[in-house]
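Structure at a glance
In case you want the letters, here they are:
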Amino acid sequence: MSRKAEHPLPPYFNLDPERSAEKLGDPIDTVRFAKAASFCAKGREDLAKRGYAPDGQKRLRKFSTWEITRYLIPVAAAHLRRVLKANPDLPQGTGQGGTKWFSLEEVLTLRDHFAEEGVSTKEYRPYRPEGVPAKIAAVANFKGGVGKTSTAAHLAMSAALDGYKVLVIDLDSQGSMTSILGGKVQDEWSTVFPLIAKDYATQVQEENRVRTARGEPPLPLDETLEEALKVSPRDIIQSTHWPNIDLIGAQLNLYWAEFQIPVWRMGLRRWQLWDALTNFLESEGVLDEYDIVFLDTPPALGYLTINALAAADILLVPLGASFLEFDSTGRFFDMLYTTFASIEDGENAALRAAGLPEMKFEWDVVRAIITRFDAAQQTDLANVIQAYFGDFMNAYRQDLTALVGQAGEQVNGIYEADYRDFNRETYVRGRETFDRTYAEFKEILIGSWWRDASMMEAGDG
């Protein structure tokens, strides 16, 4: 009778210390970090260019008649063809046969034509009431890997395809959003850093005018602050390969803002550091030039994230349907309460003493969004999360699809992917994942605008 073969031991038994030591190599010094960083920078550049044209530029693909009439302009394909034939001055697209291909600029032109000449009951242009400012949407959570950048990028692209003019501000020094949008950022002077510095420098100038009147010595303005005073948002806003998405990019040196902001605050305690981002968006007319501003934040509740949250009208908090991400997100909300309640308490004590109205942070809407959702394995836990978060939770759960991963390999959003590279069903299902997320966001957006417009009308009345 043969003996049963014993199970092999786990791989962590009987390891030889001497052989293990031989595999270690020489001790690592700091120079080796520089070498690793150099290799990664080259690899990052090579991988990022997978989605670029042969000349090294990132370009947005064209859109077919099928896509335009299914997703972008609510008309039948046959009617679109008739309108093009009757209006030879309109963009006619490229290609042979029934399917033509159009750039997004051409699609926007067609949309404008239908808005002027089409059926009045159809929505050819998205809702945006006159006289109200752009809405600012921050996508934030201090846990990494929850889909912040992916969610922000796809919402920006959805809004652009819908006809809105979008500004994306990358506040994460990792610069992932900047890579997706093909941004070029040489140093921190092409990020939000000089605009935050400018806000502080402006406050120092105001303080110095008061000090001069009192006969007190002025606070110093160093070379960095003097240079920042010359910077306009238009100097650092760059166009992208999307005709209606602009970008303020990020790169590694932006992280130094996290160290510099508290130093400036110590130099001038009355500087409201949390309002620096809000101030340049409002005071320099940026909100008048766009419909929506998306803020992509770092995975930490640092000074840049606090600026984003203070500026935001709409806060979106992505998380996965897991216990750890649910727990982390709960702690994130706790930190938001502690941080902003502390600011309110400190500021309002001084305002009350001066007999001035108190301040209060408010957001139009806050929504948590479940991302990377696998219905087969995560439905029960997602239902529990939904129950605890209640009205803070988006109704739709963003499915994990093959299309997202395949598009990500080309450093593209799914809306930049050519559906001909996929099975049609895979493309439609993958696109629907983000279309439904955008639909919920758009409902929040237009509802907030409508409420603002109604309040303005009531005030005028």
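Note: the structure precedes this text.
So, here is what we can say about the structure in this document. Worth saying up front: this structure is predicted, and the values here are computed from it rather than measured. (Residues numbered from 1 in each chain as written. Predicted model: local features only at pLDDT ≥ 70, side-chain atom pairs only at ≥ 80, totals over all residues. Heavy atoms only, no water.)

1. Comments concerning the packing of helix α13 (residues 303–311) against helix α14 (residues 323–353)
The cut-off we apply is this: Axis definition: a line fitted to C-alpha atoms, limited for helices to the stretch in contact. Angles are taken between N-to-C directions and run from 0 to 180 degrees. Helix and strand assignments follow DSSP, with helices taken as H or I runs no shorter than four residues and strands as E runs no shorter than two, numbered in order from the N terminus. Oblique is the label for any angle not covered by the other classes, which are roughly parallel (under 35 degrees), roughly antiparallel (over 145) and roughly perpendicular (65 to 115). Here, residues are in contact when the closest pair of their heavy atoms is within 4.5 Å. The classification used treats Ala, Val, Leu, Ile, Met, Phe, Trp, Tyr, Cys and Pro as nonpolar, Asp, Glu, Lys and Arg as charged, and all other residues, Gly among them, as polar.
Where α13 meets α14, the axes come as close as 12 Å, and the angle between the chain directions of the two elements is 80°. Considered as vectors, α13 and α14 are oriented roughly perpendicular to each other. For the pair formed by α13 and α14, the contact residues are Ile-306, Leu-309 and Ala-310 on the first element and Phe-332, Leu-336, Thr-339 and Phe-340 on the second. Among the residues making up the contact of α13 with α14, the classes are represented as 6 nonpolar, 1 polar and no charged.

2. Structural notes on the pattern of salt bridges
This is how it is decided: Salt bridge, as applied in this entry: a Lys or Arg side-chain nitrogen positioned within 4 Å of an Asp or Glu carboxyl oxygen. Residue exposure (1.4 Å probe, protein chains only): buried if accessible area is under 20% of the type maximum, exposed if over 50%, otherwise partly exposed.
Using the criterion set out here, one finds 21 salt bridges in the structure. Across the salt bridge formed by Arg-211 and Glu-207, the nearest N and O atoms sit 3.2 Å from each other. On the criterion of helical spacing, the pair formed by Arg-211 and Glu-207 is a turn pair, its members being 4 residues apart in helix α8 (residues 193–214). The class for Glu-207 is buried, based on a relative accessible area of 13%. In this structure, a network of salt bridges that share partners links the residues Lys-135, Asp-364, Arg-451 and Asp-452.

3. Points about the side chain of Lys-58
As a reminder, the rule being used: By the counting scheme adopted, Arg and Lys are positive, Glu and Asp are negative, and His together with the chain ends is not counted. Here a polar contact is recorded for every N or O atom pair within 3.5 Å, except that within protein the pair must consist of a potential hydrogen donor and a potential acceptor, and residues adjacent in sequence are included only if both atoms are side-chain atoms.
Relative to the assigned elements, Lys-58 resides in the loop between α2 (30–48) and β1 (63–64). Here Lys-58 occupies a buried position and makes no salt bridge, while the nearest side chain of opposite charge, Glu-416, is found at 4.3 Å. A distance of 2.5 Å separates the side chain of Lys-58 from the backbone oxygen of Ile-180, its partner in a polar contact.

4. Considering unusual backbone geometry
If you check the backbone angles, Arg-372 has positive phi at about 50° while not being a glycine. Here Arg-372 lies in the loop between β9 (365–371) and α15 (375–389). For Arg-372, a relative accessible area of 34% puts it in the partly exposed group.

5. Some points on the environment of Pro-126
Its location among the elements puts Pro-126 in the loop between α5 (104–117) and β3 (135–139). Each C-alpha atom, one on Pro-126 and one on Ile-261, is 38 Å from the other, the two residues being 135 residues apart in sequence. Residues in contact with Pro-126, not counting those within four places in the same chain, are Asp-162, Gly-163, Tyr-164 and Lys-442.

6. Section: the packing of helix α4 (residues 77–86) against α5
Two numbers describe how α4 lies on α5: the axes approach to 12 Å, and their chain directions differ by 90°. Viewed along their axes, α4 and α5 adopt a mutual orientation that is roughly perpendicular. Packed against α4, whose contacting residues are His-79, Leu-80, Val-83 and Leu-84, the element α5 presents Leu-110, His-113 and Phe-114 at the interface.

7. Quick look at the pairing of strand β6 (residues 245–248)
Put simply, the rule is: Two strands pair if DSSP finds at least two bridges between them.
Neither face of β6 is left uncovered, since the one carrying Ile-245 and Leu-247 and the one carrying Asp-246 and Ile-248 both have all their residues buried. Bridge analysis of strand β4 (residues 166–170) against β6 gives 4 bridges, and the strand direction is parallel. If you follow Leu-167 over to β6, its bridge partner there is Asp-246. Across 2 bridges, the pairing between strand β5 (residues 238–239) and β6 is antiparallel. Residue pairing for β6: Gln-238 is matched across the bridge by Leu-247. In this structure, the hairpin formed by β5 and β6 is closed by a connection of 5 residues.

8. As for a nonpolar patch on the surface
To be explicit about the condition: Exposure above 30% relative accessible area and the lack of any salt bridge qualify a residue for a patch; like charges then connect within 9 Å, and the nonpolar side chains Val, Leu, Ile, Met, Phe, Trp and Tyr within 5 Å. Shrake-Rupley sampling with a 1.4 Å probe provides the accessible areas, and residues are treated as covered by the protein chains on show and by no other component.
A cluster of nonpolar side chains, contributed by Leu-9, Tyr-12, Phe-13 and Leu-15, occupies part of the molecular surface with about 490 Å² of accessible area. Within the secondary structure, Leu-15 sits in the segment before α1 (17–22). Note on Leu-15: relative accessible area 58%, which makes it exposed.

9. Overview of the pairing of strand β8 (residues 314–320)
Counting buried positions along β8 yields 7 of 7 residues, so the element is predominantly enclosed. Residues Ile-314, Leu-316, Pro-318 and Gly-320 line one face of β8 and the alternating positions Leu-315, Val-317 and Leu-319 line the opposite face, and both faces are buried. Both β3 and β8 contribute to a ladder of 3 bridges, which runs parallel. Along β8, the bridge assignment pairs Ala-138 with Leu-315. Bridge analysis of β8 against β9 gives 7 bridges, and the strand direction is parallel. Across the sheet, residue Pro-318 finds its bridge partner in β9, namely Ile-369.

10. Some details on the side chain of Asp-199
If you trace the backbone, Asp-199 turns up in helix α8. A polar side-chain atom of Asp-199 sits 2.8 Å from a polar atom in the side chain of Trp-271. The contacts of Asp-199, once residues within four sequence positions are left out, are Trp-271, Ala-276 and Asn-279.

11. Thoughts on α4
Note the following rule: Read the arc as the range of directions from the helix axis to the C-beta atoms.
Within the span of α4, buried status applies to Leu-80, Val-83 and Leu-84. The buried residues of α4 all sit within an arc of 100° when viewed along its axis, so they share a single face. Exposed side chains of α4 directed beyond 90 degrees from the buried face belong to Arg-82, Lys-85 and Ala-86. Looking at the buried positions of α4, the neighbouring elements they touch are α3 (65–72), β2 (101–102) and α5.

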